[in-house]
Amino acid sequence: MSDFIPISIKNTFNFSCNDDLACFNQCCRDLNQFLTPYDILRIKKNLDMPSDIFLGKYTTEHYGPETGLPVISLKADSDDGLKCPFVTSTGCRIYKDRPSSCRMYPLARGLARSRETGILTEHYMILKEDHCKGFRNGQTRTVEQWIADQGIAVYNRMNDMLLEIISMKNRLMPGPLDIKSRLTFHTACYNLDIFRKHIFENGIMDHLDLNPETLESVKSDDTMLLELGLQWIKYNLFGDRNSTAFQGTGRK
Ligand code: SF4
Ligand code: SF4
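Residues numbered from 1 in each chain as written. Chains lettered and ligands numbered in written order. Predicted model: local features only at pLDDT ≥ 70, side-chain atom pairs only at ≥ 80, totals over all residues.

## Considering the overall build of the protein chain
No. 1: When helices and strands are tallied, the protein chain shows 9 helices and 9 strands.
No. 2: Taken against the 2.2 N^0.38 rule, which gives 18 Å for 252 residues, the C-alpha radius of gyration of the protein chain at 20 Å falls within 12% of a compact globule.
No. 3: A principal-axis box enclosing the C-alpha atoms of the protein chain has dimensions of 65 × 45 × 35 Å.
No. 4: In the protein chain, buried positions account for 26% of the 252 residues. (Helix = DSSP H or I, 4+ residues; strand = E, 2+ residues; numbered from the N terminus. Rg over C-alpha atoms; globule rule 2.2 N^0.38 Å. Buried ≥ 20, exposed ≤ 12 C-beta atoms within 10 Å, placed from the backbone.)

So this is what it looks like as structure tokens:
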């Protein structure tokens, strides 16, 4: 059984996870783990793997029937209790780059956008599951401290950019995306090494006078490349010219 209990960012909860607990690694089984673009960036860098190879080896993909948006999940081991491919007897082998939902656990974060003002508000919940023993004798921390301790802020920042795009898509292009738009979305979000090739070898942005410094930095910086990719989706699919990279750009 599991319970979701709302909690505010300043409130405390008691929780500690360690390998002495009987439940150690139990939460890395029975997996139904979606990956965000930033999750994939961090894991493929941790494994020193090109994004297309990582996606083929470790993930499954499907397209949302209503939206046509690609959804990427970790490929769990169906012969062994849907175990995560990265769990070992001593814990997570990609721990320093584990996905945002693994970092956040036992908390979950939701975002709501005001229809009147468009302002986003975040809210948090504690997920209490029977198998998880971490609440017994746990350390007391606020939600804010947990976010800082687990290095979640950068994940939230990148994931919020994605949510903004999904919200734009639902507003401006209701219904399933066409195949070309799907491919653009998939490559710019999830298949970053191929996206980089499209920029520098296939010249997909050559007709725009992008800032040379931006272009130079995305040659080696994956986070900046993903930020450019998310802005490219807004520009390419929805005609949005307000993102920093494409502001004031025009055809050469
Ligand atoms: S990525 Fe790591 S922490 Fe997350 S489910 Fe897999 S083994 Fe567990
Ligand atoms: S305490 Fe909870 S999070 Fe930690 S290993 Fe056990 S089930 Fe997983």
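## Considering the packing of helix 5 (residues 153–172) against helix 9 (residues 222–238)
No. 1: The N-to-C vectors of helix 5 and helix 9 enclose an angle of 10°; their axes lie 10 Å apart at closest approach. With respect to each other, helix 5 and helix 9 are oriented roughly parallel. Taking contact as the criterion, the partners of Met158, Met161, Leu162, Ile165, Met168 and Leu172 in helix 5 are, on helix 9, Leu226, Leu230, Ile233, Lys234 and Phe238. (Axes fitted to C-alpha atoms, helices over the stretch in contact; angles between N-to-C directions. Parallel < 35°, antiparallel > 145°, perpendicular 65-115°, else oblique. Contact = placed C-beta atoms within 7 Å.)

## Some remarks on the site of ligand 1
No. 1: All residues adjacent to ligand 1 are Cys28, Cys84, Phe86, Val87, Cys92, Ile94, Arg98, Pro99 and Cys102.
No. 2: Split into classes, the residues belonging to the shell around ligand 1 amount to 8 nonpolar, no polar and 1 charged. (Near = placed C-beta within 6 Å. Nonpolar A, V, L, I, M, F, W, Y, C, P; charged D, E, K, R; others polar.)

## Here's the deal with helix 9
No. 1: Helix length check: helix 9, at 17 residues, gives a terminal C-alpha distance of 23 Å against a target of 24 Å (1.5 Å per residue), a fit within 8%.
No. 2: Across the 17 residues of helix 9, 12 count as buried, placing the element largely inside the fold.
No. 3: Here helix 9 has its buried residues at Leu225, Leu226, Glu227, Leu228, Gly229, Leu230, Gln231, Trp232, Ile233, Lys234, Tyr235 and Leu237.
No. 4: Those residues of helix 9 hidden inside the fold are in contact with helix 1 (37–46), helix 5, helix 6 (179–189), helix 7 (192–200) and helix 8 (212–218).
No. 5: At the exit of helix 9 stands glycine 239, carrying a positive phi of roughly 70°. (Expected span 1.5 Å × (residues − 1).)

## Brief notes about the nonpolar core
No. 1: Counting residues in each nonpolar core, the largest one holds 40 residues, and the members touching the most others are Ile40, Ala188, Leu226 and Ile233.
No. 2: It is helix 9 that provides the largest number of residues to this core, a total of 8 residues.
No. 3: There are two domains that each give this core at least three residues, and those are domain 1 (2–151) and domain 2 (178–246).
No. 4: Residues in contact with isoleucine 40, not counting those within four places in the same chain, are Leu35, Ser51, Phe54, Ile72 and Tyr190. (Core = buried A, V, L, I, M, F, W, Y, C linked by C-beta atoms within 7 Å. Domains from an automatic or database assignment.)

## Let's talk about the domain arrangement of the protein chain
No. 1: Partitioning the protein chain into structural domains gives domain 1 (2–151) and domain 2 (178–246).
No. 2: Between domain 1 and domain 2, the residue contacts involve 14 residues of the former and 12 residues of the latter.
No. 3: When residues of the side of domain 1 that touches domain 2 are traced back to their parent elements, those giving at least two are helix 1, helix 2 (51–58) and strand 4 (70–74).
No. 4: Among the elements that make up the side of domain 1 that touches domain 2, the one with the highest residue count is helix 1 (5 residues).
No. 5: Considered class by class, the residues forming the side of domain 1 that touches domain 2 number 10 nonpolar, 2 polar and 2 charged.

## Considerations on unusual backbone geometry
No. 1: Following tyrosine 105, the chain continues to proline 106 via a peptide bond in cis, the omega torsion being 15°.
No. 2: With respect to the helices and strands, the residue proline 106 is situated in the loop between helix 3 (100–104) and strand 7 (107–113).
No. 3: With phi around 75°, asparagine 25 is a residue other than glycine that occupies positive phi space.
No. 4: Take asparagine 25: it is sitting in the loop between strand 2 (12–15) and helix 1.
No. 5: Residue asparagine 25 is classed as partly exposed on the basis of its 16 C-beta neighbours within 10 Å.

## Description of the packing of helix 7 against helix 9
Helix packing for two helices is described by the angle between their axes and how far apart those axes are.
No. 1: Between helix 7 and helix 9, the least distance of the axes is 10 Å, while the angle of their chain directions is 70°. Judged by the inter-axis angle, helix 7 sits roughly perpendicular to helix 9. Residues Leu192, Phe195 and Arg196 of helix 7 form the contact with helix 9, whose own contacting residues are Asp222, Leu225, Leu226 and Gly229.
No. 2: Tallied by class, residues from the contact of helix 7 with helix 9 come to 4 nonpolar, 1 polar and 2 charged.

## Quick word on helix 6
Residue pairs three or four apart in sequence face the same way in an α-helix, which turns once every 3.6 residues.
No. 1: Among all positions of helix 6, only Thr184, Phe185, His186, Thr187, Ala188 and Cys189 are buried.
No. 2: Looking at the buried side of helix 6, the elements it contacts are helix 1, strand 4, helix 5, helix 7 and helix 9.

## Regarding the sheet that holds strand 7
No. 1: Spatially, 3 strands are ordered 1-8-7 in an open sheet, and the strand pairing comes out antiparallel. Sheet topology places strand 1 (2–7) and strand 7 at the edges, where each strand pairs with a single neighbour. Taken over all neighbouring pairs, the strand axes of this sheet differ in orientation by 30° on average, direction set aside.
No. 2: The pairing of strand 7 with strand 8 (residues 120–129) spans 7 bridges and is classified as antiparallel. Its bridge partner lying in strand 8, glycine 110 is registered against histidine 123. (Pairing = 2+ DSSP bridges.)

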